[in-house]
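# Structural description and commentary
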Protein chains: 2
Amino acid sequence: MSERELRRNLAILPIGTVRELTLLTDRQIRYYEQNNLISPNRGKGGQRRFSLNDVDRLLEIKDFLDAGDSIRDIQEILAKQQRKALEKHDSESALRRSLQKEFAQIGRFGR
Amino acid sequence: MSERELRRNLAILPIGTVRELTLLTDRQIRYYEQNNLISPNRGKGGQRRFSLNDVDRLLEIKDFLDAGDSIRDIQEILAKQQRKALEKHDSESALRRSLQKEFAQIGRFGR
DNA sequence: ATTTAATGTTAGAAAAGCTGACATTTATTT
DNA sequence: AAATAAATGTCAGCTTTTCTAACATTAAAT
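Residues numbered from 1 in each chain as written. Chains lettered and ligands numbered in written order. Predicted model: local features only at pLDDT ≥ 70, side-chain atom pairs only at ≥ 80, totals over all residues. Heavy atoms only, no water.

### Comments concerning the packing of aromatic side chains
All names here are of chain A. Here is the rule we go by: Each Phe, Tyr or Trp ring, with Trp reduced to its six-membered ring, pairs with another whose centre is within 6.5 Å; inter-plane angles below 30 degrees give stacked pairs, above 60 give edge-to-face pairs, and intermediate values give tilted ones. Relative accessible area decides the class of each residue, using a 1.4 Å probe on protein chains only: under 20% of the type maximum gives buried, over 50% gives exposed, and in between gives partly exposed.
For the structure shown, the criterion picks out two aromatic pairs over all chains. Here tyrosine 31 and tyrosine 32 contribute two aromatic rings whose centre-to-centre distance is 6.4 Å and whose plane-to-plane angle is 55°, an arrangement assigned as tilted. Looking at tyrosine 32, the relative accessible area reads 5%, which means it is buried.

Given below as structure tokens:
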């Protein structure tokens, strides 16, 4: 994972900040968690710690709900997103590997 | 200010998170605030809310202290940094303005 | 040998967060 | 229309976090 992705996944925000950033209520945020739309980490004492990615996702969820999608719908939408992201990641890894082989070949002939 | 700078100045982190990110104690963080090395915002109930810039600055402070600088020293170092940043900002604004004028001239002749 | 700077520690109070339950509202289904 | 379900509101009791202020300790500067 890139440095940037790592940073965006750091669990650093308490629910109060997330409430302000998203304009959702605590109740909504927790309800979406119950329904597996997000999975914030927990701090030492058991309090939720959200990442910037969690915030992004909550804003997305908000948009979907406003657009009339149900939570079930959103579960599937997010699952699909997840699959696509994985595919993309895999194909990029594969590309990197094959490029690496090619360069290795070139390197061998080059000297 | 750029979008990025704005984001880095958002007051979003409670002291607990900052403690974990910097490996400083609450006591140290508050003491540095007392000595005007940082000025975190306050949330509704009066609790400190730190920005990512605050965190950066705390890490810097830590390095200076490890290097043997006193808090007084660091106050001056940071003040100097601040002045340099302002100068830089000013000169860049001036540059932008003069470039704008030049382009305006060109534009006038151009048609 | 004092003073001063930086940090530790503690107490008591306030704020924020947690879970679980019941209530309300709005949309679906029968 | 009545019943059910989905999403959110609200409240109570409890735990965790943060706050300030004060006094304590340690190490460095005078």
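Back to the write-up after that little detour.
### Re helix α3 (residues 26–34) of chain B
All names here are of chain B. As a reminder, the rule being used: Numbering goes from the N terminus for both helices and strands, where a helix is a DSSP run of H or I of at least four residues and a strand is a run of E of at least two. Along the arc lie the directions from the helix axis toward the C-beta atoms.
Taken residue by residue, α3 has Asp26, Ile29, Tyr32 and Glu33 as its buried positions. On an axial view of α3, the arc spanned by its buried residues comes to 135°, and they lie on one face. In this structure, α3 carries Arg27 and Gln34 as exposed residues pointing more than 90 degrees from its buried face. Downstream of α3 by one or two residues, asparagine 36 has phi in the positive range, about 60°.

### Digging into the pattern of salt bridges
We count it as follows: Salt-bridge detection follows one rule: a side-chain nitrogen of Lys or Arg within 4 Å of a carboxyl oxygen of Asp or Glu.
By the definition in use, this model includes twelve salt bridges over all chains. Across the salt bridge formed by arginine 19 of chain B and aspartate 26 of chain B, the nearest N and O atoms sit 2.6 Å from each other. When its relative accessible area of 19% is taken as the criterion, aspartate 26 of chain B is described as buried. Salt bridges sharing common partners tie together Arg19, Asp26 and Arg30 of chain A.

So, to be careful, I would describe these as geometric facts and stop short of saying anything about function.
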